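Residue-level listing of the chains:
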Amino acid sequence: MIGPDEKSVRQRASTGGLPSDRFIDSTLAEIHTRYRGLDDGEVADYIPILAEADPRWFGLSLIESTGTVHEAGDVDIEFSIQSISKAFVFALVCQARSSELVHERVGVNNTGLAFNSVMAIELNDGKPLNSMVNAGAIATTALMPGATSAEKWENIRSGLSRFAGRPLRLDGRVYESEMKTNQRNKALARLLESYGRIITDPLDTVDIYTRQCSLLVTAHDLAVMGATLADGGINPLTGRQVVSAEVARDTLALLASCGMYENSGEWLFEIGLPAKSGVAGGIVAIAPGKGALGTFSPRLDSAGNSVRGQRACFHISRVLGMNLFASNAAVERPRKGQ
């Protein structure tokens, strides 16, 4: 569809800035106050350890591409990253291998089905379709370079730590709890193996995937990680190039179309930002060239997304002008031909 001549065309970006620091700080404080008493949703309990989370926790962190930090609430409480890890492992694999390889082996299209669907694989000749659903994430994790499982895992842990700008550690209790309840992921890995989509040991791959989901982060960490993608792959706090600008762009494109599973279209329509959620209550939403929002609140809706986090993302996106598709009419000027 796209040939080498087109791929040689230089990518340009044109983005506006965010409002003043004072306005952003007051907006986050107001939104935190507005939604912290919202009691809709339930804390996830299908992974037993997650049920221990305090439903009152609520944190908002917005970090600009310049490195400026704006925060309100419980931004330093650690929780497991869960499915949000998929986006950053995708970026690391694309950087280490190539986006083209992941595109060919896994895919970049929305399944339109549940995140752990077996049918999505069977209907597409064994292709998982994208790296944000569980099957695609397992296939992507299998592509991480490393001579041994331990080396693959360390490449993931250290890579996600570079995104966060600090060493991330594994929550052993979350890992053990998930390993006792991840039979479906093991079945998905076996199915992918039967189609030749993964050539590593499927159970070892699921073990690594479960570990990556069990890394501990904060709302602040999510905002830093998202802001790294927003700033062409450069961590705005450390100044370190984590992935290339091209990989950052590809990751954001995939998040826009698939990051919120079968609700990705509705999310993009309402909020207009590439985003990813996790069942521990985290959400990261990214405005390319501007920054990223990290939210944490454990109460989830029926789709597994944080209720307060979604409301906050919607409100902040609108008030701060972060929606990718929002624009104001140009100042009055003569039209062509007049």
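Provided above is the structure to which this section pertains.
Here's what I pulled together on the structure shown here. Remember, it's a predicted structure, so these values are computed and weren't measured experimentally.

Reading the values: the criteria
- Residues numbered from 1 in each chain as written.
- Predicted model: local features only at pLDDT ≥ 70, side-chain atom pairs only at ≥ 80, totals over all residues.
- Heavy atoms only, no water.
- Helix = DSSP H or I, 4+ residues; strand = E, 2+ residues; numbered from the N terminus.
- Areas by Shrake-Rupley, 256 points an atom, 1.4 Å probe, with all protein chains shown as cover.
- Pairing = 2+ DSSP bridges.
- Axes fitted to C-alpha atoms, helices over the stretch in contact; angles between N-to-C directions.
- Contact = heavy atoms within 4.5 Å.
- Buried < 20%, exposed > 50% of the residue type's maximum accessible area, 1.4 Å probe, protein only.
- Expected span 1.5 Å × (residues − 1).
- Phe/Tyr/Trp six-rings, centres within 6.5 Å; stacked < 30°, edge-to-face > 60°.
- Lys NZ or Arg CZ within 6 Å of the ring centre and 35° of its normal.

**With respect to the overall build of the protein chain**
And step 1. The secondary structure content of the protein chain amounts to 14 helices and 9 strands.
And step 2. Roughly 15,400 Å² of accessible area belongs to the protein chain as shown, and the carbon and sulfur atoms make up 49% of that amount.

**Structural notes on the sheet that holds strand β2 (residues 59-64)**
And step 1. If you trace the 5 strands from one edge of the open sheet to the other, you get β3-β2-β8-β7-β6, paired in antiparallel fashion. With partners counted over all chains shown, the strands left at the sheet margins are β3 (69-73) and β6 (275-277), one partner each. Adjacent strand axes in the sheet meet at a mean angle of 10° when their direction is disregarded.
And step 2. Sheet topology places β6 next to strand β7 (residues 282-287); 3 bridges connect them, and they run antiparallel. Across the sheet, residue S277 finds its bridge partner in β7, namely I283.
And step 3. The strands touched by helix α2 (residues 21-35) are β2 and β3; relative to β3, the strand with the most contacts, the crossing angle is about 20°.

**Let's talk about the environment of M132**
And step 1. Here M132 shows up in the loop between α5 (119-122) and α6 (134-142).
And step 2. The class for M132 is buried, based on a relative accessible area of 0%.
And step 3. If near-sequence neighbours (up to four positions away) are discounted, M132 is found in contact with K86, A87, F90, L254, L255, C258, G259, Y261 and K276.

**Topic: the pairing of β2**
And step 1. The element β2 is largely enclosed, with a buried count of 6 among its 6 residues.
And step 2. Taking every second residue as pointing to the same face, both faces of β2 are buried, with G59, S61 and I63 on one and L60, L62 and E64 on the other.
And step 3. Alignment of β2 against β3, held across 5 bridges, turns out to be antiparallel. Residue pairing across strands places I63 opposite V69, the latter belonging to β3.
And step 4. Where β2 hands over to β3, the hairpin turn is made up of 4 residues, of which G67 adopts a positive phi near 100°.
And step 5. With 6 bridges connecting them, β2 and strand β8 (residues 291-296) associate as antiparallel partners. Looking at the pairing, L62 lines up with L293 of β8.

**Points about the environment of G309**
And step 1. Residue placement: G309 occurs in helix α14 (residues 307-319).
And step 2. Sequence separation between G309 and S297 is 12 residues, and the spatial gap between their C-alpha atoms is 6.3 Å.

**Regarding helix α9 (residues 183-194)**
And step 1. In this model, α9 (12 residues) spans 17 Å end to end at C-alpha, consistent with the 16 Å of a helix rising 1.5 Å per residue.
And step 2. The positive-phi residue at the C-terminal boundary of α9 is G196, with phi of around 75°.

**Description of the packing of aromatic side chains**
And step 1. Counting across every chain of the model gives 3 aromatic pairs.
And step 2. Taking the centre distance of 6.0 Å and the plane angle of 40° together, the rings of W57 and F296 count as tilted. Pair noted here: W57 is in the loop between β1 (42-43) and β2 and F296 is in strand β8, with a separation of 239 residues, a long-range link.
And step 3. Owing to a relative accessible area of 27%, W57 belongs among the partly exposed residues under this scheme.
And step 4. Look at F79 and F296: their rings are 4.0 Å apart centre to centre, the planes differ by 5°, and that puts the pair in the stacked class. Note that F79 is positioned in strand β4 (residues 79-80) and F296 in strand β8, a separation of 217 residues in sequence. Across the pair, exposure class does not vary: F79 and F296 are buried alike.
And step 5. Here a set of aromatic residues connected by ring pairs shows up, and it is made of W57, F79 and F296.
And step 6. It is R211 that lies over the ring of Y175; its NZ or CZ is 4.5 Å from the centre.

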